[in-house]
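Fold and geometry: a report
Listed below, chain by chain, are the residues.
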Amino acid sequence: PVEFRTAGTFKFPDEEKVFKAKFDELQLDGLVNVLGQRVGEERWDEYRQADILFFPTKYASESFGCVVVEAMAHALPVVASDWHGPKDIVLHEHTGLLCPIENPRAFAAALEKLIHNPELRSLFGQNGYERY
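Source: prediction; values computed, not measured. (Residues numbered from 1 in each chain as written. Predicted model: local features only at pLDDT ≥ 70, side-chain atom pairs only at ≥ 80, totals over all residues. Heavy atoms only, no water.)

Quick notes on the sheet that holds strand S4 (residues 78-81)
Here we have three strands laid out as an open sheet, ordered S3-S4-S5, and parallel in their pairing. Two strands close off the open sheet at either side, each with one partner strand: strand S3 (53-55) and strand S5 (96-99). Across the sheet, the axes of successive neighbouring strands diverge by a mean angle of 10 degrees, strand direction being ignored. (Pairing = 2+ DSSP bridges. Helix = DSSP H or I, 4+ residues; strand = E, 2+ residues; numbered from the N terminus. Axes fitted to C-alpha atoms, helices over the stretch in contact; angles between N-to-C directions.)

In structure tokens form, the structure reads like this:
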């Protein structure tokens, strides 16, 4: 069993509408928990409860990727886009896995690889923590 939890806010109101429409179309209610923004201790609790950070960003304005660094500070392996900030932080096959943007099959394969290999998750998480 896998639980997906998503936290954060939408950058643009139109994105939220598109997200909700796609969420409903794919019938993800019960499969993906949409948490909204998390701050303070709630935010850190999400990292402590997680096994993997999944960050498939494609924003042109993504210049660094604080969420990736925060995940590494919590010894989480990262699956992220090979894009701006994340590609400068995540060491592919060492602290996590980088995937081409807008490639759901690559993201799914990367997530499956880590979901089914707790030793690799632990290794990438520890390597990420040391890099942090």
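Having seen it, we continue.
Structural notes on helix H6 (residues 118-131)
Between its terminal C-alpha atoms H6 stretches 20 Å, which fits the 20 Å expected from 14 residues at 1.5 Å a residue. Among the residues of H6, Leu120, Arg121, Phe124, Gly125, Asn127 and Gly128 are the ones counted as buried. Take H6 and look down its axis: the buried residues cluster within an arc of 165 degrees, on one side only. Turned more than 90 degrees from where H6 packs its buried face, Glu119 and Glu130 sit exposed. (Expected span 1.5 Å × (residues − 1). Buried < 20%, exposed > 50% of the residue type's maximum accessible area, 1.4 Å probe, protein only. Arc of directions from axis to C-beta.)

What about the environment of Gly8?
Position of Gly8 among the secondary structure elements: in the loop between strand S1 (4-7) and helix H1 (13-25). Taking the C-alpha atoms as reference points, Gly8 and Ala109, 101 residues apart in sequence, are found 24 Å from one another. The contacts of Gly8, once residues within four sequence positions are left out, are Gly36 and Gln37. (Contact = heavy atoms within 4.5 Å.)

A short note on a nonpolar patch on the surface
A cluster of nonpolar residues, Val2, Phe4 and Phe54, forms a patch on the protein surface that exposes about 240 Å² of accessible area. Within the secondary structure, Phe54 is located in strand S3. Using a relative accessible area of 31% as the deciding quantity, one classes Phe54 as partly exposed. (Patch = residues over 30% accessible without salt bridge, like charges linked within 9 Å, V, L, I, M, F, W, Y side chains within 5 Å. Areas by Shrake-Rupley, 256 points an atom, 1.4 Å probe, with all protein chains shown as cover. Salt bridge = Lys/Arg side-chain N within 4 Å of Asp/Glu carboxyl O.)

Some points on the nonpolar core
Core analysis: the biggest nonpolar cluster contains twelve residues, these being Tyr47, Leu53, Phe55, Val68, Ala71, Met72, Leu76, Val78, Ala80, Ile89, Val90 and Leu98. Looking at this core, the elements with two or more residues in it are S3, helix H3 (66-73) and S4. Among the elements that make up this core, the one with the highest residue count is H3 (three residues). Excluding anything up to four places from it in sequence, Leu98 contacts Ala80, Ser81, Asp82, Pro86, Lys87, Val90 and His92. By size, the runner-up hydrophobic cluster in this structure holds ten residues, among which are Ile52, Ala110, Leu111 and Leu114. (Core = buried A, V, L, I, M, F, W, Y, C linked by side-chain atoms within 4.5 Å.)

Examining the pattern of salt bridges
When their charged atoms lie close together, side chains carrying opposite charge are able to pair. One pass over the structure, following the stated rule, counts nine salt bridges. Salt-bridge contacts for Arg5 lead to Glu3; the nearest nitrogen and oxygen are separated by 3.1 Å. Note that Arg5 is salt-bridged to Glu46, the shortest N-O span being 2.8 Å. With Arg5 in strand S1 and Glu46 in helix H2 (residues 40-49), the pair connects residues that are 41 residues apart, well separated along the chain. Among the residues examined, Arg5 registers a relative accessible area of 37% and is labelled partly exposed. Shared partners join several salt bridges into a network, and the residues in it are Glu3, Arg5 and Glu46.

What to know about unusual backbone geometry
Note on backbone geometry: most residues besides glycine have negative phi, and most peptide bonds are trans. A positive phi angle, near 50 degrees, is found at Gln27, a position not held by glycine. By the element assignment, Gln27 lies in the loop between H1 and strand S2 (32-36). Although it is not a glycine, Glu93 adopts a positive phi angle of roughly 65 degrees. If you trace the backbone, Glu93 turns up in the loop between helix H4 (84-89) and S5.

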